Amino acid sequence: MAMDADADREQHWLDELRGGDEAAFRLIYRTYRPRLYTFLCRLSGRPDVAEDLLQEVWLRLAAHPPEPRAGLTLAPWLFRVARNVFVSYLRNRNLDPNRLGELDVFKFRAAPGPGPLEALAERETVRSLERALRRLPSADRETVLLVAAGGLAPAEAAGVLGVRPDAFRQRLSRARARLAELLRSQE
């Protein structure tokens, strides 16, 4: 009975999505993002690749939501799309999925939503980052924080500091390199 309710709910979301309802897309996104991310992360072994591939899944859902068919449920469709996107990624890079381990690419990545050990490690990472930020020269620190914490685009941050966008990008690159070096020195 609960599975029928879930299927009905998903069908309603898809009907709404086909009608252009943004709220339906957000519901689907919130429901399936963690699972799809974990899936793609485990397939690729790289969180950055998983994020890129996941974006492609969402674009495909928004552009071409599955048409209603008997027995079609959303989760398998999304995971099929995710898998196909991953296979295309491998094909475009001439990678053999059976040999990813040889490339030291495939490593288990924890799912979003940390467990106790991950939460502890995350807190330590945040503390390390804060220590490294404090050790950066103030010009570097503000450069990094405008983009990272402030969420400004480099061109916007350049305007805040009164420098040309290309000069800001160079400054940002140097600041990130210094920050990375400080983080490495703490290991």
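The written sequence of each chain sets the order in which its residues are numbered from 1. Totals for whole chains, interfaces and linings use every residue, but because this is a predicted model, local features are given only for residues with pLDDT of at least 70 and side-chain atom pairs only at 80 or more, for both listing and counting. For side-chain calculations, the full set of non-hydrogen atoms in the structure is used, while hydrogens and water are omitted.

## Some remarks on the nonpolar core
Nonpolar cores were defined as sets of buried Ala, Val, Leu, Ile, Met, Phe, Trp, Tyr and Cys residues, with membership established by side-chain atoms within 4.5 Å. Only protein chains enter the calculation, and the probe is 1.4 Å; a residue is then buried if its accessible area is under 20% of its type maximum, exposed if over 50%, and partly exposed in between. Ile 28, Tyr 32, Trp 58, Leu 61 and Leu 78 are the most contacted members of the largest nonpolar core, which has 28 residues in total. Every element with two or more residues in this core is listed here: helix H1 (2-18), helix H2 (22-44), helix H3 (47-63) and helix H4 (74-92). For helices the rule is a DSSP run of H or I covering at least 4 residues; for strands it is a run of E covering at least 2, with both sets numbered from the N terminus onward. Take this core: its biggest share by element is 10 residues, from H4.

## What about the packing of aromatic side chains?
A pair of aromatic rings is counted whenever rings of Phe, Tyr or Trp (Trp by its six-membered ring) have centres within 6.5 Å, and the orientation is called stacked for planes under 30 degrees apart, edge-to-face for over 60 and tilted otherwise. On inspection of all chains with the given rule, the structure shows four aromatic pairs. With 5.0 Å between their ring centres and 55° between their planes, Tyr 29 and Trp 58 make a pair best called tilted. One end of the pair, Tyr 29, is in helix H2; the other, Trp 58, is in helix H3, and 29 residues separate them in sequence. A residue is classified by how much of its surface remains accessible, and Trp 58, at 4% relative accessible area, is buried. An aromatic cluster is built from Phe 25, Tyr 29 and Trp 58, whose rings are joined through pairwise contacts.

This is a description of form; function is not addressed.
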